[in-house]
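Chain and residue survey
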Amino acid sequence: MSEFRPVAKLSEVPEGSAIRVEIDGCPIAIARSEGGVYACQDTCTHEEASLSDGDVFDAVIECPLHGARFDLRTGAVKSLPAVVPIQVFEVKIEGDTILVKR
Ligand code: FES
């Protein structure tokens, strides 16, 4: 059964950036944009790039390798070359702690 797990402190993820964490060995990107905190799969669906190394803006994360963009709210592809959406996860904030449900 999935449950919320603490993954990082808010202070570790400045606005407009992302970090990589792991839940049960699975890489997850935690991103902050437009005042929101988001969690998504860290591995791009195009090739094997780590999305948390990419740029974050307008609630979008951009792959650092070929520039595919994904909507952090839904996982939808916003820009090629990726065509498969990323998985996104529920986020909860408790004090300064970011929790992710996976
Ligand atoms: S690996 Fe992400 S766009 Fe190619």
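Details of the structure are given in the entry above.
Structure report, in brief. (Residues numbered from 1 in each chain as written. Predicted model: local features only at pLDDT ≥ 70, side-chain atom pairs only at ≥ 80, totals over all residues.)

Sheet analysis places strand β3 (residues 26–33) next to strand β4 (residues 36–41), joined by six bridges and oriented antiparallel. Bridge pairing in β4 links I30 to A39. Between the end of β3 and the start of β4, which pair antiparallel, lie two residues, with E34 showing a positive phi angle near 55°. In this sheet, strand β9 (residues 88–94) lies alongside β4 in antiparallel orientation, the contact comprising two bridges. Directly across from C40, in β9, lies its bridge partner V88. (Pairing = 2+ DSSP bridges. Helix = DSSP H or I, 4+ residues; strand = E, 2+ residues; numbered from the N terminus.)

Turning to the nonpolar core, a few remarks are in order. In terms of nonpolar packing, the biggest core is built from 25 residues, with I28, A29, I30, A31, C40 and I61 touching the most fellow members. The set of elements that each furnish at least two residues to this core consists of β2 (17–23), β3, β4, β6 (60–62) and β10 (97–101). Here this core gets four residues from one element, more than from any other, and that element is β3. I61 has contacts with A18, A29, A31, C40, L51, G54, V56, F70 and L72, leaving out every residue within four places of it along the chain. (Core = buried A, V, L, I, M, F, W, Y, C linked by C-beta atoms within 7 Å. Buried ≥ 20, exposed ≤ 12 C-beta atoms within 10 Å, placed from the backbone. Contact = placed C-beta atoms within 7 Å.)

Strand order across the open sheet formed by six strands is β1-β10-β9-β4-β3-β2, with antiparallel pairing between neighbours. Bordering the open sheet on either side are β1 (4–9) and β2, each of which pairs with just one other strand. Ignoring strand direction, the axes of neighbouring strands in this sheet form an average angle of 30°. Here β9 runs beside β10; their pairing, made up of five bridges, is antiparallel. The residue of β10 that forms the bridge with E94 is T97. (Axes fitted to C-alpha atoms, helices over the stretch in contact; angles between N-to-C directions.)

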